[in-house]
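Descriptive structure summary
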Amino acid sequence: MDTWGDPPLADIPATPIMQPVISELLEHRHAVQELLVVARLALGQHHELLPFLMSLTTAQPLRERRWEQLILADDPLPALGREQRNEGKT
């Protein structure tokens, strides 16, 4: 994730035709970041994720999924309890 430039394609001259491509690449980056957080939460890396998630929510405060992940990283017990209850039902 660190190798992705910000903004994407910054080394290519900006043209109106490139804007949709750049927007799509940014959206893909956000999706990959969210999947990475899900994986790291599943591995129990809650506290290690807090600074990363705090910076993401500060940079993009309107992305609700980021806030949800920040809350889970800060207090994983409600999510763990829910998973255990769901496992008991099957």
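Residues numbered from 1 in each chain as written. Predicted model: local features only at pLDDT ≥ 70, side-chain atom pairs only at ≥ 80, totals over all residues. Heavy atoms only, no water.

Take the overall build of the protein chain next. Along the backbone of the protein chain there are four helices and zero strands. Scanning the protein chain from its N terminus toward the C terminus, one meets helices and strands in the order α-α-α-α. For the protein chain, the proportion of its 90 residues judged to be buried stands at 24%. Excluding contacts between residues fewer than 6 apart, the proportion of contacts in the protein chain whose partners are at least 24 apart in sequence is 46%. Summed over all atoms, the accessible surface of the protein chain reaches about 6,700 Å², with 62% contributed by carbon and sulfur. (Helix = DSSP H or I, 4+ residues; strand = E, 2+ residues; numbered from the N terminus. Buried < 20%, exposed > 50% of the residue type's maximum accessible area, 1.4 Å probe, protein only. Contact = heavy atoms within 4.5 Å. Areas by Shrake-Rupley, 256 points an atom, 1.4 Å probe, with all protein chains shown as cover.)

All right, on to the packing of helix α1 (residues 19–42) against helix α2 (residues 46–59) then. Orientation of α1 relative to α2, taken along the N-to-C sense of each, is 160 degrees, at an axis distance of 10 Å. One way to sum up the angle between α1 and α2 is to call them roughly antiparallel. Considering how the two elements wind past one another, α1 and α2 form a crossing that is left-handed. Of the residues in α2, those touching α1 at Gln33, Val37, Arg40 and Leu41 are His46, Glu48, Leu49, Phe52, Leu53 and Leu56. (Axes fitted to C-alpha atoms, helices over the stretch in contact; angles between N-to-C directions. Parallel < 35°, antiparallel > 145°, perpendicular 65-115°, else oblique. Left-handed = near helix turned anticlockwise from the far one by under 90°.)

Attention shifts here to α2. The end-to-end C-alpha distance of α2, which contains 14 residues, comes to 20 Å, matching closely the 20 Å that a straight helix rising 1.5 Å per residue would cover. Restricting attention to buried positions, one finds in α2 the residues His46, Leu49, Leu50, Leu53, Leu56 and Thr57. (Expected span 1.5 Å × (residues − 1).)

Next up on the list: the environment of Glu68. Structurally, the position occupied by Glu68 is in helix α3 (residues 64–74). Judged by relative accessible area, which is 41%, Glu68 ranks as partly exposed. Spatially, the C-alpha atoms of Glu68 and Leu53 are 9.9 Å apart, while their sequence positions differ by 15 residues. For Glu68, the side chain forms a polar contact with the side chain of Arg65, separated by 3.0 Å. (Polar contact = N/O pair within 3.5 Å; in protein donor to acceptor, adjacent residues only side chain to side chain.)

A word on the packing of α2 against α3. For the pair α2 and α3, interaxial distance at closest approach is 9 Å and the crossing angle is 150 degrees. It follows that α2 is roughly antiparallel to α3 by the angle criterion. The two elements α2 and α3 meet at a crossing, and its hand is left-handed. Of α3, the residues touching α2 (which contributes His46, His47, Leu49, Leu50, Leu53, Met54, Leu56 and Thr57) are Arg66, Trp67, Gln69, Leu70, Leu72, Ala73 and Asp74. Within the contact of α2 with α3, the residues separate by chemical class into nine nonpolar, four polar and two charged. (Nonpolar A, V, L, I, M, F, W, Y, C, P; charged D, E, K, R; others polar.)

Judged by nonpolar contacts, Val37, Leu41, Leu49, Leu50, Leu53, Leu56, Leu70 and Ala73 together constitute the single largest core of eight residues. Breaking this core down by element, the ones donating at least two residues are α1, α2 and α3. Ranked by the residues each element gives to this core, the list is headed by α2, at four residues. (Core = buried A, V, L, I, M, F, W, Y, C linked by side-chain atoms within 4.5 Å.)

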